[in-house]
Each structure stands twice: as structure tokens, then as C-alpha cells.
Amino acid sequence: MANLHSKVFFRDKIIDFSEANLSIASSAVLYGLSTYTVFLVKNIKGNNYAFRLEDHYQRLVNSMKILGMKSSLASDGYKAFESKVVKLVKANNIHEDSLVRVVIFVDGILSGTTAKNVPASIAIFSYSKTPMLPTKGAKLMVSSFRRNSDLAIPARAKVSGGYVNVTLMKDEATASGYDDAIALDSEGHVTESTVSNIFLVKNNKLITPSGSSDILEGITRDSIIKLAEEIGIETELRTVDRSELYTADEAFLCGTSMDMVPVISIDGRKLKTNGLITKRLMEEFGNKITNDLDVWLKSL
Ligand code: PMP
């Protein structure tokens, strides 16, 4: 990855990216035993601001609870976490919009299939933000793979090993000529896309799968729900059927790595890409991030 920044926070200090290595026998490599989050650092007139940093911290703590991981992240508190992030941002002298990835990994060598009995460590690195999907709009397919359920690898936890599931979907979609995939649960209800949440627009209302639909509860999703409420657009959080994808007026994906991306088509059925609601929310979201600094941004 050419756009990686050179310094990382690894275990307890800042070191060069090339020196931050894990053993091939570590639990993170062998079993995907790590949790992570990725947040936006927005550079505005030379100053850096993190988007909803405390919410990212809280989601990370929750993911660790689900896995039963042993780390001082929760007991040390948010301020200690923030100071590590600030150190990393300063060490990299970030001067562009960037993504920062925080990984809490089970730090054991051949320590077996346990997340509980081995201490976990932290790694933080950053890279410049580049578009993940075509910004004008994405063509989606419904994946033939199913989303891992709360009874298997809970999607609510952002667990590295769980990303095998969405990797299968993304590769299937791109090999079939689509930009990305939509995951259904094992009963055929809509969950989310591979690294983003999905919203449909129908009769001027937003519809998005609820928090108990085997989704990662995205922080961007939450911001959009709040934004919609502020500007008087109703949002239904509920179970969503596959056939609703085909009859939606508009749809969009949202997540840290892409902000909001309109959906052009789903399984070849075309949607309105320049739909009024998507357009308005995209504008409002952009304004809020750049102008309304106190709402979601934390000065670093
Ligand atoms: N769902 C999945 C599976 C994801 O990986 C992501 C990206 N973190 C999202 C949704 C969007 O979450 P957020 O808005 O917090 O980036």
C-alpha cells in the first residue's frame, strides 16, 4: 500500500512501520483474533480532527467484550486511548484526510484458540483516504454467501476473523463485474454491504436494517440517522426483505472508508442515482463534517 504513513503505535511506543511485525505463530495471524476500528482524520486548514473518536473507542471496547479479550483498553479509559491516537497523528505529521486503524490483537505465540487467557496489545497506523468505490455510484449484487450470524461470529463485533465472510462476497461481486455485494442473513433478510451499511429510500422515507439484523452498527449509519431526523426525514429501522431492494426509489451505502456512495443498481435493477434524498443527505453530511466542528469532530 503506497499511501501508508511511516510511523505506527505498536504495543507501547511509536516505531517505524517496517518494524511493527507479528510472528507467523501469533493468535492474530493463526485465528484472526483481533478487533479493530477505522476512523477518519479530517485535515481542515492544517489542523487534524477525528470523526466521533469516542464512539469508535466504545465500539472497540464492546467488540472486546464480545470476544472476552484481556486488555487494559477499557480500564485505562478513553483519555488514555485518545493520547495514543494523538501521538500517532503527530508522529506522522498528518496533513491530508486520512484513515486511522486501531487494532487490538491477542498477543500470544501458539497460545491456542483463546482470546481470554492471553493479554492483548494495541497497534495503530494511518494512511491517506482514497475512494474505495466509484464515488458517482456503485453497482451491487446480492451475494450468494450469507452473513455470519450472531450465533456464529457476531457481526456487531468488528472482529478481524469475521472479515473472511465479506471477503468471499466482495471477491464474488468483483469477479462477476459488480463493485460490491449486499449480504443477506440465513433467512434471506438484508443485512449490509461488505464494509458499509445500506439505506433504502422509499416514498421519501429512509429504511435501514435494524441493529439486530446481523450488521455492524456503523458510526456513519448512526450519523446519517441523526442527520435525517434533524432535517425531518423519517427513518425506519427494521427487518428488510430482499425484494425491497428491487423496489426502492434510491439506495446508498455508508461507512468511514467511503462516506456515502449512491447505489446505481442492484442485481441489474436500476435505481435513481441522483435521487433527491440521497443528494440532500450527502450535501448535509459533507457540510456537517467540514463546518460544524463541534458536532462530531474531536480536535487532535
Ligand atoms: N459494516 C461493516 C461490515 C464494516 O466493516 C463497516 C466499516 N467499519 C461498516 C459497516 C461501516 O461502519 P462505520 O460507519 O463505523 O465505518
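Here the structure is shown first, and the text comes after it.
Along each chain, residues carry numbers from 1 onward, in the same order as the chain's sequence is written. Local features in a predicted model are, by the rule used here, given only for residues with pLDDT of at least 70; side-chain atom pairs are given and counted only at 80 or more, and totals for whole chains, interfaces and linings are based on all residues. Calculated side-chain values reflect all of the structure's heavy atoms, with hydrogen atoms and water omitted.

Student: Help me out: how do you make sense of the packing of helix α6 (residues 219–230) against helix α8 (residues 276–291) in this one?
Tutor: The description of two helices packed together rests on the angle between their axes and the distance between the axes. Note on geometry: axes are C-alpha line fits, over the in-contact stretch for helices, and angles between N-to-C directions span 0 to 180 degrees. Helix and strand definitions here come from DSSP, where helices need a minimum of 4 consecutive H or I residues and strands a minimum of 2 consecutive E residues; each element is numbered from the N-terminal end. The N-to-C vectors of α6 and α8 enclose an angle of 105 degrees; their axes lie 10 Å apart at closest approach. The orientation of α6 relative to α8 falls into the category roughly perpendicular. Residues T220, S223, I224, L227, A228 and E230 of α6 touch α8, and the partners they reach there are L281, E284, F285 and K288. Just so you know how the angles are binned, under 35 degrees is roughly parallel, over 145 roughly antiparallel, 65 to 115 roughly perpendicular, and the rest oblique. The contact rule is simple, with two residues in contact once any of their heavy atoms fall within 4.5 Å.

Student: Help me out: how do you make sense of the packing of aromatic side chains in this one?
Tutor: The geometry of an aromatic ring pair comes down to the distance between the two centres and the angle between the two planes. Any two of the Phe, Tyr and Trp rings considered here, Trp counted by its six-membered ring, make a pair once their centres fall within 6.5 Å; the pair's planes then place it as stacked at under 30 degrees, edge-to-face at over 60, or tilted in between. Taken as a whole and judged by the stated rule, the model has 11 aromatic pairs. With a centroid separation of 6.4 Å and an interplanar angle of 45 degrees, the aromatic rings of Y78 and F81 are classed as tilted. Taken together, the positions of Y78 and F81, both in helix α4 (residues 78–91) and three residues apart, correspond to about one turn of that helix. The classification of residues rests on relative accessible area computed with a 1.4 Å probe and restricted to protein chains. Under 20% of the type maximum is buried, over 50% is exposed, and intermediate values are partly exposed. Take Y78: its relative accessible area is 11%, and that puts it in the buried class. We classify F81 as buried; its relative accessible area is 1%. For the pair F285 and W296, a centre-to-centre distance of 6.1 Å together with 45 degrees between the ring planes defines the contact as tilted. A residue pair is termed long-range when its members are at least 10 positions apart, and F285 in helix α8 and W296 in helix α9 (residues 293–296) qualify at 11 residues.

Student: Sorry if this is basic, but what is going on with the site of the ligand here?
Tutor: Around the ligand lies a shell of 15 residues, among which R59, Y163, E192, T220 and T256 are the nearest. Here a polar contact is taken to be a pair of N or O atoms separated by no more than 3.5 Å, where protein atoms must pair a possible hydrogen donor with a possible acceptor and residues adjacent in sequence count only if both atoms sit in side chains. Within the contact set of the ligand, an oxygen atom lies 2.7 Å away from a side-chain nitrogen or oxygen of R59. Here the open area of atoms and residues is found with the Shrake-Rupley method and a 1.4 Å probe, where only the protein chains shown may cover a residue. When the free accessible area of the ligand is taken as 390 Å², the share hidden by the protein chains comes to 97%. Residues are grouped as follows: Ala, Val, Leu, Ile, Met, Phe, Trp, Tyr, Cys and Pro are nonpolar; Asp, Glu, Lys and Arg are charged; all remaining types, including Gly, are polar. Across the shell around the ligand, the residue classes break down as four nonpolar, seven polar and four charged. Throughout this document, a residue counts as near a molecule or strand when at least one of its heavy atoms sits within 4 Å of that molecule or strand.

Worth remembering: the numbers are spatial, not functional.
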